[in-house]
Amino acid sequence: MIDFSLSPEQEVLRDLARDFAQKEIVPLAPQLEREQLHSEEVVEKCYRLGLLHYGVPKEYGGGGLGSLEGCLLAEELAAACAGVEVGLYGNILGLLPLLIAGSPELKHELLPRHCSGSNVAALCLTEAEAGSDVRSIRTRVRRVADQYIIEGTKRFITNGGVASLYSVFAQEQRELGYKGISAFIVPRDTPGLSFGKREDKMGQRSTDTREVIFEEVRIPSRFRLGEGHDGFNIAMKTLDASRPVVGAQAVGIARAAFEAAVAYVKQQVPSDGAGVASQGIHFMLADMAIKVEAARLVCWHAAWLGDHGHRNTKESAIAKCFASDIAVEVTTDAVQVLGWPGYMKDRPVERYMRDAKAHQIFEGTNQIQRLVIARQLVR
Ligand SMILES: Cc1cc2nc3c(=O)[nH]c(=O)nc-3n(C[C@H](O)[C@H](O)[C@H](O)COP(=O)(O)OP(=O)(O)OC[C@H]3O[C@@H](n4cnc5c(N)ncnc54)[C@H](O)[C@@H]3O)c2cc1C
C-alpha cells in the first residue's frame with residue numbers, strides 16, 4: 001500500500017515551518033548572508049516553536065520526530081535561507097552519533113540539558129587532509145586511566161564556534177586504519193577546546209563554519225560512543241540518517257529558485273511568444289518543476305526507509321546526490337530565466353545559485369555518493 005499524503009500532524013508541522021520561515025527568516029536573510037551573521041535570535045525562536053530539537057526522542061526532551069518530518073522542515077527553512085537552515089539542522093547532525101551509539105545513561109546525562117534551551121551541536125569529522133577519505137583522519141585519542149585525551153584539528157565544521165556539544169571522530173589505533181577510529185562527545189566548556197577563524201564562504205554565509213581545535217582535551221571515559229573502535233560505523237550510520245534531510249534542504253533551495261522564476265515570468269507583460277513568454281523559457285520552467293518534484297520524492301523515500309528501520313545507504317546517497325545536482329541546475333536556470341535581474345544582488349535568485357553548490361560538496365561529495373551507490377549495486 002502506497003500513500004503519498006501527509007498526516008494531519010505532518011501538515012501542521014510543514015505549515016508551521018513555512019509560516020515561521022517566510023515571516024521570521026526571509027526578511028533577515030539578506031543581511032545575515034551579506035554580513036555572515038549567525039542569528040541566535042532565529043535559533044531561539046526555532047527552539048520555542050519546538051523545531052530545533054525535533055529529532056531527539058521525547059524521553060530525552062526532544063520532539064520525537066522522524067527523518068520524514070526532518071525533510072518537511074528542511075525544505076521550508078532552506079527555501080527561506082539555506083545558511084540558516086544548515087546551522088539549525090547542524091544541531092541534529094551533531095547529535096546523531098550520540099543518538100545512534102550513546103548509552104542510555106549518557107543520553108540521559110547530556111540530552112535533557114541540551115534540549116532545555118536553544119543549544120546547538122556540531123559534527124566534527126573533516127580535517128584538512130581528510131575530507132572524502134575519512135580513514136585518513138589524524139586527530140589522535142589515547143586513554144589515560146578513566147579519561148580520554150584528544151589532540152587534533154577539525155576543519156569546515158558547521159556550528160563550529162557556536163555549539164554546546166561536539167561529536168568528534170579520532171584515531172585510537174592508527175595501525176588498524178579505519179577500524180581504529182572511535183567517536184566521542186566533547187562539551188563546549190572542556191579545557192583545551194578552541195576555535196579557528198570563521199570560513200569566508202561562497203554561499204550559506206550565515207552558517208558559522210570554522211576550525212575546531214583540540215589541545216590535550218580530556219573527557220571522562222563514559223563520553224566515548226559505541227563499543228570498541230566503532231567510530232567509522234557510527235559516522236556512516238550518521239550520514240545514512242542525515243543525507244535524506246540534507247537532500248531536502250537542496251530541494252528547498254531549488255523550489256525557492258523555481259518559484260521565483262515562475263513568479264517573474266507571470267509578472268511580465270504578455271508578448272507574442274517572445275522573451276519570457278517564449279516556449280523555450282516555458283520548457284525551462286517545466287524541466288525545473290520535474291526536477292523539484294522528483295528530488296522531493298527520492299528524499300522522502302530515503303527518509304521513510306530509515307524511519308521504518310530499513311537500511312537506506314543507497315537511497316540516502318541517491319537522495320543527497322540527485323537533490324543537490326538538480327538544485328545546482330534549477331538555481332542556475334532560474335538566474336537564466338530572469339536574465340540580468342537574476343544576476344543582481346537585490347534579488348535572492350543569485351544567492352540560491354551560490355547556496356546550492358555547497359550541497360554537492362558536504363555530507364560526502366557527489367562523486368563519493370556515486371561510489372556509495374555503485375558499491376551497493378555490485379557488492
Ligand atoms: C559549507 C560546508 C560545511 C561543512 N560542514 C561540515 C561539518 O559540519 N562537519 C564535517 O565534519 N565536515 C563538514 N564539511 C566538510 C565536508 O564534509 C567536506 O568538504 C567533504 O567531505 C569533502 O571533503 P574535501 O572538501 O576535503 O574534498 P576532497 O576529499 O579533497 O575531494 C576533492 C575532490 O576530489 C573528489 N574525490 C575525492 N576522493 C574521490 C574518490 N575516491 N573518487 C572520486 N572522486 C574523489 C571529490 O569528490 C572532490 O571533487 C563542510 C564543508 C562545507 C563546504
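Reading guide: rules and limits
- Residues numbered from 1 in each chain as written.
- Predicted model: local features only at pLDDT ≥ 70, side-chain atom pairs only at ≥ 80, totals over all residues.
- Heavy atoms only, no water.
- Domains from an automatic or database assignment.
- Contact = heavy atoms within 4.5 Å.
- Buried area = accessible area lost by both parts, 1.4 Å probe.
- Salt bridge = Lys/Arg side-chain N within 4 Å of Asp/Glu carboxyl O.
- Nonpolar A, V, L, I, M, F, W, Y, C, P; charged D, E, K, R; others polar.
- Axes fitted to C-alpha atoms, helices over the stretch in contact; angles between N-to-C directions.
- Helix = DSSP H or I, 4+ residues; strand = E, 2+ residues; numbered from the N terminus.
- Parallel < 35°, antiparallel > 145°, perpendicular 65-115°, else oblique.
- Left-handed = near helix turned anticlockwise from the far one by under 90°.
- Buried < 20%, exposed > 50% of the residue type's maximum accessible area, 1.4 Å probe, protein only.
- Pairing = 2+ DSSP bridges.
- Near = heavy atom within 4 Å.
- Polar contact = N/O pair within 3.5 Å; in protein donor to acceptor, adjacent residues only side chain to side chain.
- Areas by Shrake-Rupley, 256 points an atom, 1.4 Å probe, with all protein chains shown as cover.
- Expected span 1.5 Å × (residues − 1).

Engineer: Sorry, what's going on with the domain arrangement of the protein chain here?
Structural biologist: The parts lose accessible area when they come together, and the size of an interface is often stated as this lost area. By the assigned domains, the protein chain splits into domain 1 (8–114), domain 2 (121–230) and domain 3 (232–378). Averaged C-alpha coordinates put domain 2 and domain 3 at centres separated by 30 Å. On the side of domain 3, 15 residues touch domain 2, which itself brings 16 residues to the contact. At the boundary of domain 2 with domain 3, total buried surface from both sides reaches about 1,200 Å², with 68% on carbon and sulfur atoms. When the buried area of domain 2 at its contact with domain 3 is split by residue, Met202, Gln204 and Asp230 rank highest and sum to 43% of it. The interface formed by domain 2 and domain 3 includes 0 salt bridges. Partitioning the side of domain 2 that touches domain 3 into residue classes produces 9 nonpolar, 4 polar and 3 charged.

Engineer: Explain the packing of helix α4 (residues 67–80) against helix α7 (residues 231–267) here, please?
Structural biologist: The N-to-C vectors of α4 and α7 enclose an angle of 30°; their axes lie 7 Å apart at closest approach. In terms of orientation, α4 lies roughly parallel with respect to α7. Crossing angle aside, the handedness with which α4 passes α7 is right-handed. Contacts between α4 and α7 involve Ser67, Gly70, Cys71, Ala74, Glu75, Glu76, Ala78 and Ala79 from the first element and Ala241, Pro244, Val245, Ala248, Gln249, Val251, Gly252, Ile253, Arg255 and Ala256 from the second. When its residues are assigned to classes, the contact of α4 with α7 shows 11 nonpolar, 4 polar and 3 charged.

Engineer: How do you make sense of the pairing of strand β1 (residues 121–124) when you look at a structure like this?
Structural biologist: Remark: a regular strand shows side chains that alternate across the two faces of the sheet. Alternating residues of β1 divide into Ala121 and Leu123 and Ala122 and Cys124, and every residue in both groups is buried. Pairing of β1 with strand β4 (residues 165–171) involves 4 bridges; the strand directions are parallel. Its bridge partner lying in β4, leucine 123 is registered against serine 167.

Engineer: Even after reading the chapter, I still don't get the site of the ligand, so can you show me in this structure?
Structural biologist: If you check the shell around the ligand, you find 16 residues, and the closest are Thr126, Ser132, Phe156, Thr365 and Gln367. Take phenylalanine 156: an N or O atom from its main chain is 2.8 Å from a nitrogen atom of the ligand. Within the side chain of threonine 158, one N or O atom sits 2.9 Å away from a nitrogen atom of the ligand. For the ligand, the accessible surface in isolation is 970 Å², of which the surrounding protein chains cover 64%. Looking at the shell around the ligand, the elements that each hand over two or more residues are β3 (147–158) and α12 (366–378). Taken together, the residues of the shell around the ligand sort by class into 8 nonpolar, 6 polar and 2 charged.

Engineer: Quick question: what am I supposed to make of α4 here?
Structural biologist: Turn by turn, an α-helix covers 3.6 residues, leaving residues three or four places apart pointing in a common direction. Over its 14 residues, α4 runs 20 Å from end to end, which matches the ideal 20 Å to within 8%, given 1.5 Å per residue. Judged by how many residues are buried, α4 sits mostly within the fold: 14 of 14 residues are covered.

Engineer: Looking at this model, I keep getting lost on unusual backbone geometry. Mind explaining?
Structural biologist: Glycine aside, the phi torsion of most residues is negative, and most peptide linkages are trans. With a phi close to 65°, asparagine 159 is a non-glycine residue in the positive phi region. By relative accessible area, asparagine 159 is classed as buried at 0%. For glutamine 204, which is not glycine, the phi torsion reads 50° and is therefore positive. With relative accessibility at 3%, the residue glutamine 204 sits in the buried group.

Engineer: What is the right way to read the pairing of strand β2 (residues 140–144) from this model?
Structural biologist: In this sheet, β3 lies alongside β2 in antiparallel orientation, the contact comprising 5 bridges. Counterpart to arginine 143 in the pairing with β3 is tyrosine 148. Hairpin connection, β2 to β3: the antiparallel pair is bridged by 2 residues, and alanine 145 has positive phi, about 55°.

Engineer: So what exactly am I meant to see when it comes to the environment of glycine 50 here?
Structural biologist: Along the chain, glycine 50 turns up in the loop between α3 (40–48) and α4. What makes glycine 50 partly exposed here is its relative accessible area of 41%. Measuring from C-alpha to C-alpha, the distance between glycine 50 and histidine 310 comes to 27 Å, with 260 residues separating the pair along the chain.

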